[in-house]
Amino acid sequence: MRSDERRLRVLQAIVQDYVHTREPVGSKAITERHGFDVSSATIRNDMAALEDGGLIHQPHTSAGRVPTDRGYRAFVDTISQVKPMSSAEKKAIETWLEGAADVDDVIIRATKLLAQLTNQVAVVQYPNRERTTLRHVEVVPISEHHVLIIAINESGAVQQRNIDIGLSDEQAQKLSNRINAAYTGKAGLDILPDGLDVANLTPTEQQLAHAVVHVLKDVMTDEAEERLVMAGTANLARTNIDFARTITPVLEALEEQVVLLRLFAEVGDELAITIGEENRDEGLSEASVVTSVYGEPGVARLGIVGPTRMDYPGAMVSVRAVARYLTRILGT
């Protein structure tokens, strides 16, 4: 084994042992636990090289070494495959999420489940309606001068809006058919009046049809602010020792949802991990964030926030699994 390959294995061993024990890792422990066919002196030389490279550091005199943010990054970048969930674990996730009553319940269940699976803070972003597409719409007369617009988006969420116009049952049904033909599968920003077929409609009917389309566009894009659901904040208290200063900055960053929304918007990969100072917000400078997209196409993100001393392979499996099941359930 070349020295650079062995040093990478030494770094992996240090990360794994430190995550498991929370104790600095020494050369003797590495030799005994990980079956290196070299002396402790050779491992110490490898550790010195890793320390010179800024991948590990020595927190105390005559103590072992612990990973730095750069070390965790190097470790994460070597993860090409992770152990898949068992059939029982997959079935438990599916059963828990499929038991939800509606979209809100699905999101809440997914957040709690992710916190339980990872023992970290779990965050799930609601799909942004501007990116959510229309599945079906109905225009229903409710009085002589009022109709109800019922819009169902791709996630199954139902939005309703009253509008002060008068339509007969026959006119409302024809308009519903035309709107569904024109806008099913389109996002709110793509719902434009000129996309509606108004052939054979009188000028008055065209005016009413465009009024309905205008309200439908509002219904599909009317989101005062993007929403996050969070669970497992108490898990941070159990990992307080992993933060050099205090968990307060992390808690404050979690309270300021715009911090997480901005982070979600900045990461582009389907599965993304930001570690320590890679997070632009100072409040998350001692934390790691593991996120994944969900929805078809990926319309929102979910993820976990915790200390940099994290079980990254396990976190990646859990985040990706919940994202996939959430996509499947919301797409049915």
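None of these values were measured; they are calculated from a predicted model. (Residues numbered from 1 in each chain as written. Predicted model: local features only at pLDDT ≥ 70, side-chain atom pairs only at ≥ 80, totals over all residues. Heavy atoms only, no water.)

Novice: Explain the overall build of the chain here, please?
Specialist: Within the chain, the regular secondary structure consists of 12 helices and 10 strands. Expected size for 332 residues packed as a compact globule is a radius of gyration near 20 Å; at 26 Å, the chain overshoots this value by more than 25%. Seen along its three principal axes, the alpha-carbon backbone of the chain occupies a region of about 90 × 40 × 30 Å. Looking at the chain as a whole, 47% of its 332 residues qualify as buried. (Helix = DSSP H or I, 4+ residues; strand = E, 2+ residues; numbered from the N terminus. Rg over C-alpha atoms; globule rule 2.2 N^0.38 Å. Buried < 20%, exposed > 50% of the residue type's maximum accessible area, 1.4 Å probe, protein only.)

Novice: What should I look at first to understand the packing of aromatic side chains in this one?
Specialist: For any pair of aromatic rings, geometry is given as the distance between the ring centres together with the angle between the planes. A full pass over the atoms with the stated rule returns one aromatic pair. Between Tyr-72 and Tyr-312, the ring centres sit 5.7 Å apart and the planes meet at 50°, which makes this aromatic pair tilted. Linking Tyr-72 in helix H4 (residues 69-77) with Tyr-312 in helix H12 (residues 312-330), this pair joins segments that are 240 residues apart in sequence. A single burial state applies to Tyr-72 and to Tyr-312, both of which are buried. We note Arg-9 situated over the ring of Phe-36; from NZ or CZ to the ring centre the distance is 4.3 Å. Directly above the aromatic system of Tyr-126 lies the positively charged group of Arg-227, at a separation of 4.0 Å from the ring centroid. (Phe/Tyr/Trp six-rings, centres within 6.5 Å; stacked < 30°, edge-to-face > 60°. Lys NZ or Arg CZ within 6 Å of the ring centre and 35° of its normal.)

Novice: Hey, could you run me through the pattern of salt bridges in this one?
Specialist: Opposite charge on two side chains lets them pair, provided their charged atoms get close. Using the criterion set out here, one finds 14 salt bridges in the structure. Across the pair Glu-170 and Lys-174 runs a salt bridge whose closest N-O atoms are separated by 3.3 Å. Residue Glu-170 and its partner Lys-174 are both found in helix H7 (residues 169-183); the two are separated by four residues, about one turn of the helix. It is possible to trace a salt-bridge network through shared partners that takes in Arg-2, Asp-4 and Glu-5. (Salt bridge = Lys/Arg side-chain N within 4 Å of Asp/Glu carboxyl O.)

Novice: How should the sheet that holds strand S10 (residues 300-307) be read in this particular structure?
Specialist: In sheet architecture, strand pairing relies on hydrogen bonds along the backbone and comes in two forms, parallel and antiparallel. Strands sit in the order S7-S3-S10-S9-S8 across an open sheet of five strands; the sheet is antiparallel. On the outer flanks of this sheet lie strand S7 (228-231) and strand S8 (271-275), each paired with one strand and no other. Neighbour-to-neighbour, the strand axes of the sheet open up by a mean angle of 15°, direction not taken into account. Along the sheet, helix H11 (residues 257-266) makes contact with strand S3 (121-125), S7, S8, strand S9 (287-294) and S10, crossing S7 at roughly 110°. (Pairing = 2+ DSSP bridges. Axes fitted to C-alpha atoms, helices over the stretch in contact; angles between N-to-C directions. Contact = heavy atoms within 4.5 Å.)

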